[in-house]
2 protein chains.
Amino acid sequence: MRLKNHIEVPSADVTMEGAAGCKVRWLIGERDDAPNFAMREFEVAPGGHTPKHFHDYEHEIYVLGGTGVIVDGSEERPLAAGDVVLVAPNDVHQFRNTGSETLRFLCLIPNSAAGRNVTVVPECGLEREA
Amino acid sequence: MRLKNHIEVPSADVTMEGAAGCKVRWLIGERDDAPNFAMREFEVAPGGHTPKHFHDYEHEIYVLGGTGVIVDGSEERPLAAGDVVLVAPNDVHQFRNTGSETLRFLCLIPNSAAGRNVTVVPECGLEREA
């Protein structure tokens, strides 16, 4: 049995193209010899977002705190604490923090995701002329 | 993509031998076509506990709120919000709420756990003469 508090796990910036203000902790992962799936915790700062992207494996998500939206293809759906999301393989998705507090969520993935391709979707029109 | 709030999911009493004051919501499971693993949320009332048990698949746990202990074999280890536990296959384990609020935690299992054997460990000495 392995027991730790989430704050003991190092937090790293998410450096994927299209990410802004995102940090991740790998709470349970390969180093823990988890047999089937990994547990990560994401923190998205106000105004920040994950990449708009898709991949051929699922996410299972539980929102711990904060408010925001999940982009579901071309639609935005509101997110708040206690919301649960199954992102199916190849669903285009993105998390955006639209509130004033950190958006925090767990996001679990199968071990088979390691090394799999992730496709970032261009976000036309998000940048505006100064 | 499937999105819901945890309170929309029906809560059922845990009726396994050795459980007391436990409820479970299957937040993401077979009905959602989750490809690899299931997300459940447990609520243990003050004084309540899950069975002391083991099985040949893992748990990945995130404590959402409340206080208690996890029994790790013959040892009791404290639990509080933000604690993360990997219960390895065949680890004897039990959750006990030792606080005054509901102990709430997520507990994820692989889909391969369906129909697998669970062994409840007798708890000698817990019942006392009236």
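Because the structure is a prediction, the values reported are computed rather than measured.

J.: What is the right way to look at the interface of chain A and chain B in this model?
T.: In many reports, interface size means the accessible area that the parts give up when they come together. The interface of chain A with chain B comprises 44 residues on the first partner and 44 residues on the second. Summed over both partners, the interface of chain A with chain B comes to about 3,400 Å²; 65% of that surface belongs to carbon and sulfur atoms. Contact with chain B buries surface across chain A, with Met1, Leu3 and Phe37 of chain A losing the most and accounting together for 24% of the total. Counting across the chain A and chain B interface gives zero salt bridges. At the level of secondary structure, the elements contributing two or more residues to the side of chain A that touches chain B comprise β1 (2–5), β3 (20–28), β4 (37–49), β6 (59–65), β7 (68–72), β8 (75–79), β9 (83–87) and β11 (103–110) of chain A. Partitioning the side of chain A that touches chain B into residue classes produces 27 nonpolar, five polar and 12 charged.

J.: How should the confidence of the model for chain A be read in this particular structure?
T.: Regions with low pLDDT should not have their predicted coordinates read in detail. In this model, chain A carries a mean pLDDT of 93, and residues with pLDDT of at least 70 account for 94%. Model confidence for the complex: the whole-complex pTM is 0.93, and ipTM, which rates the interface, is 0.92.

J.: Explain the environment of threonine 15 of chain A here, please?
T.: With respect to the helices and strands, the residue threonine 15 of chain A is situated in the loop between β2 (12–13) and β3. In the structure, threonine 15 of chain A is positioned 61 residues away from glutamate 76 of chain A in sequence and 23 Å away in space, judged by C-alpha atoms.

J.: Help me understand the relation of the copies chain A and chain B in this model?
T.: For these two chain copies, the linking operation is a rotation about an axis paired with a shift along it. For the pair chain A and chain B, the best superposition has an RMSD of 0.0 Å and corresponds to a rotation of 180° with a translation of 0.0 Å parallel to the axis. Taken together, the rotation and translation describe the operation of a two-fold axis. Both copies contact each other with a shared surface, as 100% of the interface residues of chain A are interface residues in chain B too.

Rules and cut-offs
- Residues numbered from 1 in each chain as written.
- Chains lettered and ligands numbered in written order.
- Predicted model: local features only at pLDDT ≥ 70, side-chain atom pairs only at ≥ 80, totals over all residues.
- Heavy atoms only, no water.
- Contact = heavy atoms within 4.5 Å.
- Buried area = accessible area lost by both parts, 1.4 Å probe.
- Salt bridge = Lys/Arg side-chain N within 4 Å of Asp/Glu carboxyl O.
- Helix = DSSP H or I, 4+ residues; strand = E, 2+ residues; numbered from the N terminus.
- Nonpolar A, V, L, I, M, F, W, Y, C, P; charged D, E, K, R; others polar.
- pLDDT = per-residue confidence, 0-100.
- Least-squares fit on C-alpha atoms with pLDDT ≥ 70 in both.

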